[in-house]
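Close look at the chain arrangement
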Amino acid sequence: MGSWALGFDHGTKAEAAGLAGSTDLVALSGGSANNTKGAWTQLLAATAFDAHAMLLVFNDPDASFNGLVDIGIGASGSERVLLPDLYIRTETNKFVGRLMVPVAIPAGTRLSARLQADSTVRVIDVGATLFARGFLPPYGLQRADVYGVFVSSTSATSVDPGGTGNTKGSWAQIVASTSRPIRYLIAFISPHDGAQLQDNGWLIDLGIGASGQEKVLVPNIPSTSDNGDEPEHQQYLCLPCHIPAGTRIACRAQSTSTDASDRIIRVALYGFG
Amino acid sequence: MGDWPVGITDIGQQFADVGTQTSDSSGNNIAPSGTAHQKGAWEQLIQSTPFDSAGLLWAPSLVQTGARYSVDLGIGAAGSEKILIPDLFAHVNNFSRGMPMRTFLPMSIPAATRLAARSQSSAGGNSIDANLLLVSAAHLLAPFPAARIDTYGFVAGSTAGTGVDPGGSVNTKGSWAQLASGTTYPCQLAMLAVYFPTTPSSESRWYLDLGIGASGSERVVVPNLFFGTAATNAMRSQFIGPFPLTLPAGTRIAARAQSTLSSATYRKVNVILYLWA
């Protein structure tokens, strides 16, 4: 007997946003000055159904740069930021990353996006696939808060494993106090401070608690870098994670590298509730 | 006011890494059989899981350029392991320390469960490292605790996925390729593994449709999933999802794609489908 799940008026629904000609995605251009947002660019004029999750994808940047992408909703000229400052670290022409965002978006919503970069007039392609409720909870998630991003420099928090290989370094604060409860967490992790990447490995802890009294919440998140190439697919970590409002979150790491530049990672967090 | 969800004990949600090798900042080494395309022996990851898990973070890491791997995660006593998640796929090209992707896999695993893993590779021998992170109960997963994952489109005899050929006309959908003639169980969640059997000759892009229905009468249920790669890029297999997909048992599932490439050598992609019941 078939199973079209009872209680779900959506069944299976999915639609793509941000498609462009020639099997491409919509191109976003950064602002005319460094670290300033470019214009909003429409991804989809009107969503076809009530969506409860969005699979975002970034591809084909025109150069190596640090960028922040806003996903917005609303009519042209009246856009509001739905997902703020999604951090991307790019290398020319390469696939950048993909992340699942469990945010509720009503039918009929106009979707758009905009970019800022740490160098002028950079370009990246963005697209999305929207999904109906499926496995997600009936109430949906409705907002995202960003922590650890520096908008003025288009950067994220630096975490230094220290000079002793394969030994955890000091905690670096990502946020002093979360503004709202988190039920789903996206962590951007980029082992990319080094001028020349080497074959390195990292283990990264996310901790909560006051400075000097941090308690490990998520232990030993793995990451790697390869000699001369970007860790493009591993930039985002998406997982259910419950953290109450008012929590201090910090991060520490260990690395196989002791090089003062290569060992450093960048971390930003996005809390969904 | 804080929000520590009701029913979640102690500090709230719990996380535990399994088999992490802190001495070299890596993960479990899971050695394949020395014979290509044959599973190696089960290797214990943890004797007893510390809490009821609602899912796990899966993060394989590879060092053998060009080889394809699949890993079974299993549960049960030594010598009596039973497959929990079959044939998690991983592939890299031109890497000396490559990590295909970190992916969260919803899966209910009771506390005190023994976890083990075994692997196979297309070349035979070598090894795959894998980091695991267990995640306890979560609101987001509460409606549907995941009990099983079934794999479709994996070709065990060649440690490969099902080929999907976009055809010779660029930016035009090719023919449907069957991934499942009939699903074994109802599903509520899906994930794709995609990889490129040959390094593309130029920066290239694909749209991939998932469809259901009889051959010749397929209907698109997930349209235009995008993936791309650069020429001579150090390529990794990509997981797309998990994403919601509610389908009954017995459903035929197929995939088709379009590409910016027309060359029969470079345009093809291989696909493996994972369905959660």
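Definitions and limits used
Residues numbered from 1 in each chain as written. Chains lettered and ligands numbered in written order. Predicted model: local features only at pLDDT ≥ 70, side-chain atom pairs only at ≥ 80, totals over all residues. Heavy atoms only, no water. Helix = DSSP H or I, 4+ residues; strand = E, 2+ residues; numbered from the N terminus. Contact = heavy atoms within 4.5 Å. Areas by Shrake-Rupley, 256 points an atom, 1.4 Å probe, with all protein chains shown as cover. Core = buried A, V, L, I, M, F, W, Y, C linked by side-chain atoms within 4.5 Å. Buried < 20%, exposed > 50% of the residue type's maximum accessible area, 1.4 Å probe, protein only. Pairing = 2+ DSSP bridges. Axes fitted to C-alpha atoms, helices over the stretch in contact; angles between N-to-C directions. Phe/Tyr/Trp six-rings, centres within 6.5 Å; stacked < 30°, edge-to-face > 60°. 1 Å grid on protein atoms, 1.4 Å probe; cavity = no way out; pocket = protein on both sides within 12 Å on 5 of 7 lines; lining within 4 Å. Points joined across faces, edges and corners; volume = space filled by probe spheres on them. Salt bridge = Lys/Arg side-chain N within 4 Å of Asp/Glu carboxyl O.

**Some points on the overall build of chain A**
Helix and strand counts for chain A come out as 0 helices and 20 strands. Pairs at least 24 residues apart make up 82% of the contacts formed inside chain A by residues separated by at least 6 positions. When the accessible surface of chain A is totalled, it reaches about 8700 Å², and 48% of it is carbon and sulfur.

**Digging into the nonpolar core**
Ranked by internal contacts, the top residues of the largest apolar core, which has 81 residues, are M54, L56, F58 and L83 of chain A together with L210 and F243 of chain B. The contacts of L83 of chain A, once residues within four sequence positions are left out, are M54, L56, V69, D70, I71, V101, A144 and F272 of chain A.

**Examining the pairing of strand 15 (residues 182-190) of chain A**
Residue and element names in this part refer to chain A. In terms of residue burial, strand 15 counts as a mostly covered element, since 9 of its 9 residues are buried. Summarising the sheet, strand 15 and strand 18 (residues 236-243) pair through 6 bridges and their orientation is antiparallel. When the sheet's bridge partners are listed, I182 is paired in strand 18 with I243. As paired elements, strand 15 and strand 20 (residues 265-272) share 7 bridges and run antiparallel to each other.

**A look at the sheet that holds strand 6 (residues 82-91) of chain B**
Residue and element names in this part refer to chain B. Reading across the sheet, the 4 strands line up as 3-8-5-6 and stay open at both edges, with antiparallel pairing between neighbours. On the outer flanks of this sheet lie strand 3 (43-46) and strand 6, each paired with one strand and no other. Neighbour-to-neighbour, the strand axes of this sheet turn through a mean angle of 30°, independent of strand direction. Inspection of the sheet shows strand 3 paired to strand 8 (residues 115-121) by 3 bridges, in the antiparallel sense. Within the sheet, the bridge partner assigned to Q44 lies in strand 8 and is A116.

**A word on the sheet that holds strand 17 (residues 253-259) of chain B**
Residue and element names in this part refer to chain B. Strand order in the open sheet formed by 4 strands is 12-17-14-15, with antiparallel pairing between adjacent strands. Of all the strands in the sheet, just strand 12 (177-180) and strand 15 (219-229) have a single pairing partner and so form its edges. Each adjacent strand pair in this sheet contributes to an overall mean axis angle of 30°, direction not counted. Two strands pair when backbone bridges link them, and strand 14 (residues 204-212) and strand 15 are joined in this way by 8 bridges, in the antiparallel orientation. Counted as the bridge partner of G211 is V220 from strand 15.

**A word on the packing of aromatic side chains**
One pair of aromatic rings is described through two measures. These are the centre distance and the angle between the planes. Counted under the stated rule, the structure contains 10 aromatic pairs over all chains. Measuring from ring centre to ring centre gives 4.3 Å for Y87 of chain A and F188 of chain A, while their planes differ by 50°; the resulting arrangement is tilted. Of this pair, Y87 of chain A sits in strand 7 (residues 80-89) while F188 of chain A sits in strand 15, and the two are 101 residues apart along the sequence. Taking 6.2 Å as the distance between ring centres and 75° as the angle between the ring planes, the aromatic pair formed by F239 of chain B and Y274 of chain B counts as edge-to-face. Placement of the pair is F239 of chain B in strand 16 (residues 238-247) and Y274 of chain B in strand 18 (residues 269-276), with a sequence separation of 35 residues. Considered together, F239 of chain B and Y274 of chain B belong to a single accessibility category, that of buried residues. Ring-pair connections join several aromatic residues into one group, and the members of that group are Y87, F188 and Y236 of chain A.

**As for empty space enclosed by the protein**
Applying the stated criterion to the full structure yields 7 cavities of 30 Å³ or more. Approximately 70 Å³ is the volume found for the second largest cavity. Along its surface, the second largest cavity is lined by 13 residues, and L55, V57 and T129 of chain A together with L225 and F226 of chain B are the ones closest to its centre. Among the secondary structure elements, those contributing two or more residues to the lining of the second largest cavity are strand 5 (53-59) and strand 10 (123-131) of chain A together with strand 15 of chain B.

**Digging into the pattern of salt bridges**
All names here are of chain B. In total, this model carries 21 salt bridges over all chains according to the counting rule given. For R267, the salt bridge identified is with D165, shortest N-O distance 2.6 Å. Here R267, found in the loop between strand 17 and strand 18, pairs with D165, found in the loop between strand 11 (162-164) and strand 12; they are 102 residues apart in sequence, far enough to count as distant. Its relative accessible area of 11% is what places R267 among the buried residues. The class for D165 is partly exposed, based on a relative accessible area of 28%.

**Quick look at unusual backbone geometry**
The residue after G241 of chain B, namely P242 of chain B, is reached through a cis peptide bond having omega 5°. The residue T23 of chain A is not glycine, and still its phi comes out positive at about 50°. Assessed through its relative accessible area of 1%, T23 of chain A is described here as buried. Despite not being glycine, N166 of chain A has its phi angle at roughly 55°, a positive value.

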